[in-house]
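Chain and residue survey
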Amino acid sequence: MAELQLKSLEKKYGNGFKAVHGIDLEVQEGEFMVLVGPSGCAKSTTLRMIAGLETITGGEVRIGDNVVNDLVPGKRGIAMVFQNYALYPHMKVRRNLSFGLKIKRQPKDRIEAATGEVSGILEIEELLERLPKQLSGGQAQRVALGRALIKQPEVFLFDEPLSNLDAKLRASMRVRITDLHKRLRDEGRPATVVYVTHDQVEAMTMGDRICVMKDGHIMQVADPRTLYDRPANAFVGGFIGMPEMNLVPAVLTRDPDLRLTAGGQSVAVPDGLAHRLGIPDGAVTMGLRPQHLTLVAPGSDGAFDAKVVNVEFMGHEINVHARLGDAVLVAVVPTGGMGAEVSRGDLIGLRPDGARIHLFDAETGKNVSLTNHH
Amino acid sequence: MVTLSDLPDQSRADRTPPTPLELKLRRQRRVSSAIRYVLLIVVGLIMVYPLLWLVGAAFKTNSEIFNSPWFWPARPTLEGFREGWETSTPYNFGHFFLNSMWIVIPKVIGTAISCTLVAYGFARFEFPGKKILFAILIATLLLPDVVTRIPQYLLFRELGWLDTYLPLFVPSWVAGDAFFVFMVIQFLRAIPREMEEAARVDGANTAQTLIFIVVPMLMPAIISVCLFQFMWTMNDFLGPLIYISSVEKYPVSIALKLSIDATEAFNWNAILSMTVLALIPSLVVFFLAQKSFIEGISTGGVKG
């Protein structure tokens, strides 16, 4: 196992389009790093550059002590799991697993031992004599995982491996993969993983750290908790979390008390936020997580009044959509809790949790409420 | 004792009697399908009759061939086969079959290998001038064969290849059949690249990827190519006619014509018998490879 380093990595296509803009990323030995972002953010391109399936047009990729820019994929010490499994359709599972070792001319008994071990770990022993077309999606994905595992690579690369599975299977495969990662770590052979997904649930639940990407730039690299609690910018704030963070244009004023104005309403900046602000007055984007909004009576202190436009019953909680000026805010209310009985057309008050309000620069999107935090 | 007939007939009991409209529709359907089948059978028979007649005529005597249009021989005889096989030359027909194989086998193998290589290159690699080269390849598809005959003849004459089989199969070794290259390219395009990428990650080089991964997936297409090439080469008349001048080297297609030239009164039953024999290799090969062949020509419908 080895660490992986990307240094000002760039990808420029022949037609001049720049997909990856000189990104820097360091993945520690044994770390589970998730690359996440909306489609078109170049996360897969980045992964394929690490794998050697795309040429690198600038910067370098280091695996361990070696710069691997000019090495073919087979010599980089990587293994990759593809979205559509990419099992060799004409080979039985056994040969699919051992193909890599055969190409490397490993001795027969070693191949057999490795096949046995890997199929034991992934519980695919009874599938060894089947062809890929006789496997279900989950089984095929396990075989694909086995094909990567058997090579004992320096770095594992996953390219949206679960997106072809149904929701239930996806959840169980998610656990299986993280379990496997922990198990290898406990056994003293930690696996360095780079895992690409567009699904933030996968990212949050699986990653030791998460790298959020947008348009070929890295927006933030952090562990899931930091990403959720302290998003570096409005994009990360909006991308991570379900339902999405409410991003509302607002104005910050001092007259002389700090006040936030949004949708024509002015609210005193709550204590939890005021001491964090080292910024001048002016236009900001206010970031409020739906979970950090409390429903109160209209006209209450420190709350914005808003009109309910939609109520979604989710079972254990209720999503209340309410209009504030031009924006629609979403608040999550526990079923049976305060405000759970509101209905469409009601006027309500939404009180943000002062300690958890984020203010982003209206121009750059940078989080300006992180200073002096905690 | 209870027998089956004692049980109430459930299916009949549940069924309500058909309404007059239903009966009318049913009758119409039956009539229309009867008309359709009769038409198809008649047209089908018209199409296949010459072939049936050919086979039948091969077993007729020379005089009977022209007396009766009916395909079934009155007194079946193997005389035609015997005479035809011996031919009027010093060689029997087995010799000509063997000659055909000397052309067909190298040609089929060469086509399969060269077309796969070229198609793999075009379908999977980026290289300078790819678009232009591909356009030229497709352009040769549109070029009528006839216009290249004379330049080709001159070329092969300069090479000293006249009266050898080389002009007949060497072009296929360098992927001279644009149609087959195109066919394999289309097939390859429908196969996702991930399998090849997985092989590269597994450490396979380009050649290993081609041999272990791509070729097995391409098999249906390659078999179709071989089959087409086999049949077309077996039946090729013009090529051997132009390049092969000594009787000793004649393939079947020319040898058939030989029997017409050589004698004054044509032994039609001998010619027809040998024609029937000449059909057999193609038929056998076709039926052996039928399954893959059907998969291969329905190129677009490759499952991912």
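These numbers come from a predicted model, not from an experiment.

1. A look at the interface of chain A and chain B
With 22 residues of chain A at the interface, the matching set in chain B holds 16 residues. Across the interface of chain A and chain B, roughly 1,600 Å² is buried in total on both sides, 65% from carbon and sulfur atoms. If you sort the residues of chain A by the area they bury against chain B, A:Tyr88, A:His90 and A:Ile103 come out on top, with a joint share of 29%. On the surface where chain A and chain B come into contact, there are 2 salt bridges. Summed over the shared surface of chain A and chain B, the result is 8 residue pairs in polar contact (both at pLDDT 80 or more). Going through the elements one at a time, β6 (78-81) and α2 (93-103) of chain A are the ones with two or more residues in the side of chain A that touches chain B. Of the residues assigned to the side of chain A that touches chain B, the class counts are 13 nonpolar, 5 polar and 4 charged.

2. So, the environment of A:Gly339
Residue placement: A:Gly339 occurs in the loop between β18 (327-334) and β19 (347-352). For the pair A:Gly339 and A:Asp223, spaced 116 residues apart in sequence, the C-alpha separation works out to 33 Å.

3. So, the domain arrangement of chain B
All names here are of chain B. If you check the domain split of chain B, you get domain 1 (21-81) and domain 2 (89-301). A separation of 34 Å is found between the C-alpha centroids of domain 1 and domain 2. Listed per partner, the contact involves 13 residues of domain 1 and 12 residues of domain 2. Of all residues in domain 1, the largest losses of buried area upon contact with domain 2 belong to Leu 54, Asn 62 and Phe 81, amounting jointly to 49% of the total for that side. Linking domain 1 with domain 2 are 3 residue pairs in polar contact (both at pLDDT 80 or more), by the criterion used here. Looking at the side of domain 1 that touches domain 2, the elements that each hand over two or more residues are α2 (20-57), α3 (62-67) and α4 (79-86). Looking at the side of domain 1 that touches domain 2 element by element, the count peaks at 5 residues for α2. Residues belonging to the side of domain 1 that touches domain 2 are distributed by class as follows: 9 nonpolar, 3 polar and 1 charged.

4. Description of the packing of aromatic side chains
Residues and elements named next belong to chain A. Per the counting criterion, the structure on display carries 24 aromatic pairs over all chains. Judged by centre distance (5.8 Å) and plane angle (15°), the ring pair of Phe 235 and Phe 239 falls under stacked. Residue Phe 235 and its partner Phe 239 are located together in helix α8 (residues 234-239), separated by 4 residues, close to a single helical turn. A network of ring pairs unites the aromatic residues Phe 32, Phe 156, Phe 158 and Tyr 195 as a single cluster. Lying over the aromatic face of Tyr 88, Arg 147 brings its terminal NZ or CZ to 4.7 Å of the ring centre.

5. A word on the state of the cysteines
All names here are of chain A. The final tally for this structure, using the stated rule, is 0 disulfides over all chains. Left without a disulfide partner, Cys 41 is nearest to the cysteine sulfur of Cys 211, which lies 8.6 Å away. For Cys 41, a relative accessible area of 1% gives the class buried.

Parameters and conventions
- Here, residues in each chain are numbered from 1, in the same order as that chain's written sequence.
- The lettering of chains begins at A and the numbering of ligands begins at 1, in the order of writing.
- Since the coordinates come from a predicted model, pLDDT governs what is reported: local features require at least 70, and pairs of side-chain atoms require 80 or more to be given and counted, while whole-chain, interface and lining totals use all residues.
- Note that water and hydrogens are dropped before the side-chain values are worked out from all heavy atoms of the structure.
- The criterion used for residue contact is that any of the two residues' heavy atoms lie within 4.5 Å.
- Put simply, buried area is the surface a 1.4 Å probe can reach on two separate parts but cannot reach once they are joined, added for both.
- The rule for a salt bridge is simple: a side-chain nitrogen of Lys or Arg has to be within 4 Å of a carboxyl oxygen of Asp or Glu.
- Here a polar contact is recorded for every N or O atom pair within 3.5 Å, except that within protein the pair must consist of a potential hydrogen donor and a potential acceptor, and residues adjacent in sequence are included only if both atoms are side-chain atoms.
- Helix and strand assignments follow DSSP, with helices taken as H or I runs no shorter than four residues and strands as E runs no shorter than two, numbered in order from the N terminus.
- Three residue categories are used. Nonpolar comprises Ala, Val, Leu, Ile, Met, Phe, Trp, Tyr, Cys and Pro, charged comprises Asp, Glu, Lys and Arg, and polar comprises the others, including Gly.
- Residue ranges assigned to each domain were obtained from an automatic or database domain assignment.
- We call Phe, Tyr and Trp rings a pair once their centres come within 6.5 Å, taking the six-membered ring for Trp, and we label the pair stacked below 30 degrees between planes, edge-to-face above 60, and tilted otherwise.
- In this scheme, Lys NZ or Arg CZ marks a charge over a ring once it lies within 6 Å of the ring centre and within 35 degrees of the ring normal.
- When two cysteine sulfur atoms lie within 2.5 Å, the pair is treated as a disulfide.
- Exposure classes here rest on a 1.4 Å probe applied to the protein chains alone. A residue is buried below 20% of its type maximum, exposed above 50%, and partly exposed in between.

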